[in-house]
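# Per-entry structural report
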Amino acid sequence: MTHGTLIWKNLTRYRLRFFLTTFAIFIAFFLFGILQSFDKALDAGAELAADDRLVVSNRINFTQPLPIAYVDRIRSMDGVLHATHQSWLGSYYQEQRNFIFGFAVDPESFLAVYQDDVVLPAEQIDAFIKDRRGVLVGADTAETYGWALGDLVPISSNIWQQADGSKVWDVVIKGIFKSSRDELPANGLYMHYDYLNEARTFGKDFTGTVALTTTDPALNDQVAQAIDFRFQNSAYATETRTEAAFNRSFVDQLGNIGLIISSVVGAALFTILIIVGNTMALSIRERTSEIGVMKALGFRASTVFSMVLGEAFGLAFFGGLIGTITAWGLVEIARNIPGFPFVLGFPTSVWLQAFGLMVVLGVLTGLFPAWNAYRLKLSTAFARV
């Protein structure tokens, strides 16, 4: 019988205890994997932002508007290569639960600024630009609702309203785009700003944000300061940030996601640490006489130490691997759901962190019982029989 067999036999001696302890570890690592995946997805917009792209918003809050006239003024400033604008639509299809990330944009300037992110054929670009009612939709969104090129689609808004009281804009799908990077979702909808602006009952000639690319990323700070200085005394003062900082501000609206995730995972792992540590201590105490017999039969103290520590690592890795693999499987299922709002991923860093936590859990829960088993004297062991 090998040492590995002995370790497994001791772990599974009390099946119910083994199952409950493993299940507790499984839950902790499952939560860790899922929450880390969501955290990475929320940070993707900031991590994948273009280095040379800035976003101008109202200084009060990015939900407040800016005059559309700002776009041409910004476009004419030194260091600015391209500039465009975007207005949030609050759009949905048929029912409000069918939410769509929709924006009203100027087609040509939008594609100039975001040419590295949006992938679609040249003929679709041309068709979108020429048709006032034309829209671009992401491939994921089109797949979700079964849309195809040329379809006439009613898009509703929970913000904008037409003069006749309708909140529906009939649009024609002229392009279906894909994202240039797998980490970014292709789930947006972009319609002509002029089509929205001419029909809405309020907010005319205003936009939400202005996006621009600089001639050199090294000029980002200089350009941002120049823009904010130019409009600082106007009724619509601006705040200009890098695209990464602006995207991160959206996540910040939800609260400190990193702290929330750390707190939840930390609480779960601390609880598991106590449970597993107590289980290991109880198990070794119950087997005090057996450990004495092993030493009497010639097992060295170092061997006993390694076997007890191996039990702790076996528990940590058995439950931890099952939990992490299950989380990975669920993430893979979610990321393949058409129209899912986030591109979830399970990067190598999450696996490495999970393995690191398994090692820490094994050491912290097994070291003390293993040391006690190492120091156990035969007289003490047999005195407890």
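- As named in an unreviewed UniProt entry, the chain is ABC transporter substrate-binding protein, taken from Iodidimonas gelatinilytica.

## Considerations on the overall build of the chain
- Within the chain one finds 14 helices and 13 strands.
- Look at the contacts in the chain between residues 6 or more apart in sequence, and 78% of them connect residues 24 or more apart.
- When the accessible area of the chain is evaluated, it comes to approximately 19300 Å², of which 58% is carbon and sulfur surface.

## So, the UniProt feature "transmembrane region" (unreviewed entry) in the chain
- Listed under "transmembrane region" (unreviewed entry) in the UniProt record, and renumbered for this structure, are residues 16-35, 257-284, 304-330 and 350-374.
- The annotated region residues 304-330 carries 100% helix and 0% strand content, and the separation between its end C-alpha atoms amounts to 39 Å.
- The span residues 350-374 is 100% helix and 0% strand, and its two end C-alpha atoms sit 35 Å from each other.

## A word on empty space enclosed by the protein
- One pass over the structure, following the stated rule, counts 3 cavities of 30 Å³ or more.
- Of the voids in this model, the largest cavity is the one considered here, and its volume is about 140 Å³.
- Around the largest cavity sit 14 residues that line it, and Asn10, Leu11, Arg17, Thr279 and Ser283 are the ones nearest its centre.
- Every element with two or more residues in the lining of the largest cavity is listed here: α1 (3-11), α2 (15-47), α10 (257-286) and α12 (301-335).
- Sorting elements by how many residues they give to the lining of the largest cavity places α10 first, with 4 residues.
- A breakdown of the residues in the lining of the largest cavity according to their chemical character gives 5 nonpolar, 4 polar and 5 charged.
- For the second largest cavity, the calculated volume is near 40 Å³.

## Description of helix α8 (residues 220-230)
- Buried within α8 we find Asn220, Val223, Ala224, Ile227 and Asp228. Taken end-on, α8 shows its buried residues confined to a sector of 125°, consistent with a single buried face. For α8, the exposed residues lying more than 90 degrees away from the buried face are Asp221, Gln222, Gln225 and Phe229.

## Here's the deal with the side chain of asparagine 98
- Inspection of the secondary structure puts asparagine 98 in the loop between β4 (91-92) and β5 (99-105).
- Classification of asparagine 98 by relative accessible area gives buried; the value is 14%.
- Of the polar contacts made by the side chain of asparagine 98, one reaches the backbone oxygen of tyrosine 93; its length is 2.9 Å.
- Leaving out residues up to four positions away in the same chain, asparagine 98 has contacts with Tyr92, Tyr93 and Tyr145.

## A short note on the environment of alanine 41
- Within the fold, alanine 41 resides in helix α2.
- Considered as a pair, alanine 41 and phenylalanine 346 are 305 residues apart in the sequence and their alpha carbons are 9.5 Å apart.

What counts, and at which threshold
- Residues numbered from 1 in each chain as written.
- Predicted model: local features only at pLDDT ≥ 70, side-chain atom pairs only at ≥ 80, totals over all residues.
- Heavy atoms only, no water.
- Helix = DSSP H or I, 4+ residues; strand = E, 2+ residues; numbered from the N terminus.
- Contact = heavy atoms within 4.5 Å.
- Areas by Shrake-Rupley, 256 points an atom, 1.4 Å probe, with all protein chains shown as cover.
- UniProt positions renumbered as here; feature names shortened; annotations may be inferred.
- 1 Å grid on protein atoms, 1.4 Å probe; cavity = no way out; pocket = protein on both sides within 12 Å on 5 of 7 lines; lining within 4 Å.
- Points joined across faces, edges and corners; volume = space filled by probe spheres on them.
- Nonpolar A, V, L, I, M, F, W, Y, C, P; charged D, E, K, R; others polar.
- Buried < 20%, exposed > 50% of the residue type's maximum accessible area, 1.4 Å probe, protein only.
- Arc of directions from axis to C-beta.
- Polar contact = N/O pair within 3.5 Å; in protein donor to acceptor, adjacent residues only side chain to side chain.

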